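Each chain, letter by letter, is given below.
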Amino acid sequence: MKYAQIAVNAPTAWPRSFTYAIPSNFHVFIGSAVWVPFGKRLLQGIVLNLTDQSPVEETKPIAEVIDSHPFLSEAQVELAGWISRHYLSPLFESAALMLPPGFERRVLTFIEALPNTSAEAIDVLTPMQKKIYDFLLTSGRLDVRELKKQVPQKQIEITVNQLTRKGLILKTTELERARISPKFKDYVTLSIDSQKAYEEASRLLAARKAPKQADLLKFLMEAGEPVPIARAKQNAKCSDGVIKALVDDGLIQKAKIGKTTTLKVISERASEALNNLRGEKGDKQWGEVLLLLNKSTKPLTTSEVRAKSGAPLTVIQEMEEKGWVSIEHIRLTRDPLTHRTFSAASPPKLTPDQESAWSQISRSLQKEPGAPSVFLLHGITGSGKTEIYLRALEQTIALGKKAIVLVPEIALTPQTVDRFASRFPDRVAVIHSKLSPGEQFDEWQRIREGEFDVVIGSRSALFVPQPDLGLIVIDEEHEWTYKQHDKTPLYHARDAALKLAELVGAVVILGSATPDLESYHRAKKGDYRLLELPNRVGEFHKGAFPSLPQVEIIDLRQELKSRNRSIFSRKLTRAINSALDLHEQVILFLNRRGTASFVQCRDCGHVMRCRRCEITLTHHESENSLICHQCNYRIPPPTTCPECWSRRIKFLGIGTQKVEEETAKAFPRARLLRWDRDVTQGKYSHEEILKKFQDHQADILIGTQMVAKGLDIPLVTLVGVVNADVSLHLPHFSAGERTFQLLSQVAGRAGRGRRAGQVIIQTYSPGHYAILAAARQDYNAFYEQEIIFRQQYGNPPFNRLASLVYAHTNAKRCQEEAEKMANSLREERDSQGLANAAILGPVPAYIQRLRGRYRWQVMVRSPDPLAILSRITIGQGWTADIDPAGMG
């Protein structure tokens with residue numbers, strides 16, 4: 001007997017796996033997806049290991065194998081186990097990251113009342129039982145979930161089980177319908193040669209030009225005797241001209257019988273004539289279909305044939321039966337790139353800096369002895385990091401391997417795909433959440449079948465089944481969007497990529513102009529190979545111009561003193577007007593959406609807050625709503641204060657919508673575009689906005705962090721940071737680093753063409769080290785200052801952090817549970833003698849109330865938080881976040 005260790009899709013199952021027996025007629029592999037009995041339910045599972053012995057005496061057998069081929073490779077199974085252990089997440093949820101889109105399905109339970117039940121059995125039912133039974137009699141077969149909605153009773157499940165045992169209702173189960181499946185269409189093609197199709201179509205269409213003659217001739221043939229002319233005309237609904245035509249052709253004859261003029265068939269060729277007049281099968285549509293297919297240069301779907309020929313499906317099916325056409329059931333590929341075309345591009349000459357970096361990566365790809373496997377490519381904005389990625393991909397493919405390229409934002413995907421698809425036509429796949437479920441499904445399947453050399457996407461693209469993986473590129477590796485934060489497992493794509501590369505023997509390139517401080521620290525220690533690109537490629541290829549834009553810091557406090565109440569400093573106003581005069585383009589950056597950050601009563605000070613979350617509501621004028629950016633709660637803007645009824649309501653703070661309004665007023669001649677989450681709900685929104693700006697259909701682009709990353713638009717000569725302080729004072733140890741990175745990245749969008757660039761940073765904190773370093777584009781100066789603070793306070797990279805957040809609808813219960821957890825952590829720390837581990841809290845979370853639940857937080861700061869966390873029980877209501885990127 002063989003056994004399988006299986007991760008089961010049940011919340012109560014984690015973090016362990018379960019042992020099941022493998023029936024002898026089942027073919028099960030590591031990575032196979034199966035159905036297994038779990039309690040009274042049938043659940044999905046992933047096979048993690050195969051053994052000859054079971055650690056338990058009694059095992060249930062696997063119920064069904066979902067697919068004959070394993071969904072996960074052995075390396076992916078190992079990666080799932082590592083994610084589960086490293087991020088304290090359920091095994092199945094960790095493995096589910098690598099499953100195809102739409103994989104998860106439930107077993108649905110249906111119930112129906114059994115009729116013809118004896119009166120005695122009905123009489124002894126309780127009122128509740130009788131109510132349920134009568135309801136099912138009238139409703140018919142019903143999903144149990146639907147019954148619970150229709151009859152909202154607390155004891156509904158118990159009652160259903162009682163009625164089942166009494167034999168009054170029948171309970172059955174079946175699989176939920178697959179949410180995503182392959183898409184098929186029927187195509188029609190000719191089964192006869194083109195010449196014959198043309199001849200038949202001509203004959204059929206020519207014959208059908210005399211339908212009334214055919215109707216009359218058929219009627220007379222069926223009559224078999226002379227028919228009065230009036231009766232014949234009435235039956236065939238024809239005119240005297242139709243009769244004359246048949247008489248002239250010698251097919252029928254007029255004759256007088258008494259006083260009545262009659263018609264009769266006189267020709268032996270009447271049957272042949274009828275076919276010619278009417279067409280074979282008596283249908284002109286046959287000819288139309290043949291003519292349409294004969295003219296078409298590509299196969300046509302049945303719906304296209306029906307629409308263009310007017311023929312119903314039955315006619316096409318009859319033609320197939322006769323052997324004139326064939327209908328093929330063909331699977332369609334939902335390709336997200338079909339609407340785009342790519343021009344082939346040749347590789348440029350490398351700069352000396354690029355040559356030096358590339359030679360080291362090349363040796364590693366060729367597996368030279370002693371070559372490193374992880375590179376940190378630190379290059380200033382515009383230094384040609386993408387060309388290094390492209391060279392690495394080219395060599396990877398030449399060596400018979402494939403690659404994955406990660407980008408931090410969906411917004412970057414269109415431009416990245418352009419660059420990569422131009423070098424590798426028809427060999428690039430794209431995966432991200434903006435694709436339709438069908439597109440995601442088809443891309444996943446095609447990747448699994450090895451159709452693509454390069455897969456590009458956001459963090460989830462790391463888990464696609466790319467075979468023979470030889471290279472992983474993580475562009476803008478410092479971005480915190482690589483950290484999943486909204487559902488378990490709360491993994492970081494960069495760390496998961498490093499583990500996957502280790503398992504499959506792939507090379508990793510981490511690229512950034514502003515590397516994550518922890519990554520840079522590891523490179524300085526020698527864990528990664530550090531490669532530097534200190535110069536822009538434009539200086540080497542295009543002639544002399546400043547390698548980096550000129551940056552100027554504007555003190556907004558001085559602007560206020562000079563009575564400038566505009567969101568634009570005088571310097572920025574002049575610079576925008578100058579750029580518009582020269583037909584150049586401008587980017588205005590503010591990392592906050594909406595029109596106003598909060599709404600406050602000027603009399604009592606009341607601030608409008610979300611009723612479910614402890615955060616202020618943001619005003620969005622375009623929707624005339626106050627919106628919670630956490631739970632999407634919406635209310636109309638108040639006209640009076642709900643606390644004191646004052647009408648002195650003030651809209652304070654600014655967001656990108658407000659910047660757009662103020663820009664339109666200050667620069668009426670400028671064409672504006674806004675790029676933030678509020679205007680990118682559509683499938684191709686990012687792509688459309690980027691193309692409009694690239695094509696110079698707008699002069700000024702206003703946006704959040706989406707405009708700060710990766711854009712390479714030659715006509716952008718000016719970048720204005722409306723307020724650099726938005727992220728500077730957040731209560732997180734990395735606030736300074738994030739501010740530096742954002743400012744450096746957005747500044748790097750200016751001056752990437754032949755024209756010199758200018759950056760104007762507006763701030764109330766002009767002396768802050770992060771802002772000063774960003775203005776100088778001096779990463780090393782920032783690093784040296786920031787690393788001192790990190791070491792002083794024991795923050796990463798000198799320790800790791802783990803956040804535990806408890807959520808509950810009762811505030812007191814929430815605090816009590818957090819205090820219990822903190823005590824448990826301290827006891828475990830002390831029992832292990834871990835003097836270098838600190839337990840911080842409990843304290844209210846940064847957002848104390850979220851979606852109606854209160855939240856308290858406990859932090860563990862230690863070289864290895866898992867040494868403590870893996871030894872305690874983390875119960876329901878708790879969320880564990882290892883290496884958190886946010887405030888909790």
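This text gives an overview of the structure that appears in the document. (Residues numbered from 1 in each chain as written. Predicted model: local features only at pLDDT ≥ 70, side-chain atom pairs only at ≥ 80, totals over all residues. Heavy atoms only, no water.)

Turning to the overall build of the chain, a few remarks are in order. The helix and strand inventory of the chain stands at 30 helices and 36 strands. Over its C-alpha atoms the chain spans a radius of gyration of 36 Å, topping by over 25% the 29 Å that the globule rule assigns to 888 residues. For the chain, the spread of C-alpha atoms along the three principal axes comes to 125 × 85 × 75 Å. With 888 residues in all, the chain has 51% of them scored as buried. Within the chain, contacts between residues at least 6 apart in sequence are counted, and of these 74% link residues at least 24 apart. Total accessible area on the chain is roughly 41700 Å²; 48% of this is exposed by carbon and sulfur atoms. (Helix = DSSP H or I, 4+ residues; strand = E, 2+ residues; numbered from the N terminus. Rg over C-alpha atoms; globule rule 2.2 N^0.38 Å. Buried < 20%, exposed > 50% of the residue type's maximum accessible area, 1.4 Å probe, protein only. Contact = heavy atoms within 4.5 Å. Areas by Shrake-Rupley, 256 points an atom, 1.4 Å probe, with all protein chains shown as cover.)

Taken as a whole, this structure holds 34 salt bridges when the rule is applied. With a shortest N-O distance of 2.7 Å, Glu660 and Arg674 are connected by a salt bridge. Highlighted residues: Glu660 in helix H24 (residues 656-666) and Arg674 in strand E29 (residues 672-675), separated in sequence by 14 residues. On the basis of relative accessible area, Glu660 is assigned to the partly exposed category, the value being 25%. For Arg813, the salt bridge is made with Glu817, and the minimal N-O distance between the two is 3.4 Å. Of this pair, Arg813 and Glu817 are both found in helix H29 (residues 811-832), four residues apart, which corresponds to roughly one turn of the helix. Glu817 gets classed as buried once you look at its relative accessible area, which sits at 18%. Each of Glu387, Arg391 and Arg423 takes part in one network of salt bridges that share partners. (Salt bridge = Lys/Arg side-chain N within 4 Å of Asp/Glu carboxyl O.)

Remark: helix H20 (residues 517-525) packs on helix H28 (residues 779-793), axes separated minimally by 11 Å, with the N-to-C direction vectors making an angle of 95°. Between H20 and H28, the crossing angle belongs to the class labelled roughly perpendicular. Listed contacts from H28 to Leu517, Tyr520, His521 and Lys524 of H20 are Tyr779, Asn780, Phe782, Tyr783, Glu786, Ile787 and Arg790. Partitioned by chemical class, the residues of the contact of H20 with H28 number six nonpolar, two polar and three charged. (Axes fitted to C-alpha atoms, helices over the stretch in contact; angles between N-to-C directions. Parallel < 35°, antiparallel > 145°, perpendicular 65-115°, else oblique. Nonpolar A, V, L, I, M, F, W, Y, C, P; charged D, E, K, R; others polar.)

With four of five residues buried, strand E36 (residues 878-882) is to be regarded as a mostly interior element. Bridge analysis of strand E33 (residues 800-808) against E36 gives five bridges, and the strand direction is antiparallel. Across the sheet, residue Ala802 finds its bridge partner in E36, namely Ile882. (Pairing = 2+ DSSP bridges.)

Let us look at the environment of Gln354. Here Gln354 is to be found in helix H15 (residues 352-365). As a C-alpha pair, Gln354 and Val537 span 183 residues in sequence and 8.9 Å in three-dimensional space. For Gln354, the contacting residues outside a window of four places in its chain are Lys349, Ser383, Gly384, Glu387, Ile388, Leu533 and Val537. A polar side-chain atom of Gln354 sits 2.9 Å from the main-chain amide nitrogen of Thr351. (Polar contact = N/O pair within 3.5 Å; in protein donor to acceptor, adjacent residues only side chain to side chain.)

The next subject is the side chain of Gln445. By the element assignment, Gln445 lies in helix H18 (residues 437-448). Excluding residues within four positions of it along the chain, Gln445 makes contact with Pro100 and Arg331.

Judged by pairing direction, the sheet is antiparallel, and its five strands sit side by side in the order E2-E1-E4-E3-E5 without closing on themselves. Strands with a single pairing partner mark the edges of an open sheet, and in this sheet they are strand E2 (18-22) and strand E5 (64-65). Here five bridges tie strand E1 (residues 2-8) to E2, and the two strands are oriented antiparallel to one another. Of the residues in E2, the one forming a bridge with Gln5 is Thr19.

Right, let's talk about the sheet that holds strand E14 (residues 325-332) for a bit. Judged by pairing direction, the sheet is antiparallel, and its three strands sit side by side in the order E13-E9-E14 without closing on themselves. Looking at which strands have only one partner, the edges of the open sheet turn out to be strand E13 (300-301) and E14. Where strand E9 (residues 183-190) and E13 come together, two bridges link them in antiparallel fashion. Along E13, the bridge assignment pairs Tyr187 with Thr301. Those strands touched by helix H12 (residues 284-295) are E9, E13 and E14, and its axis lies near 100° from that of E9.

This paragraph deals with the pairing of strand E20 (residues 507-512). The buried count for E20 comes to six of six residues, which makes it a mostly enclosed element. Along E20, one buried face is formed by Val507, Ile509 and Gly511 and the opposite face, lined by Val508, Leu510 and Ser512, is buried too. As judged from the five bridges shared by strand E15 (residues 374-379) and E20, these two strands associate in the parallel manner. Counted as the bridge partner of His378 is Ser512 from E20. Relative to E20, strand E19 (residues 469-475) is paired through five bridges, and the arrangement is parallel. Within E20, the residue paired with Ile472 across the bridge is Val508. This β-α-β element, E19 to helix H19 (residues 493-504) to E20, shows right-handed connectivity. (Right-handed = clockwise from strand over helix to strand, strands pointing away.)

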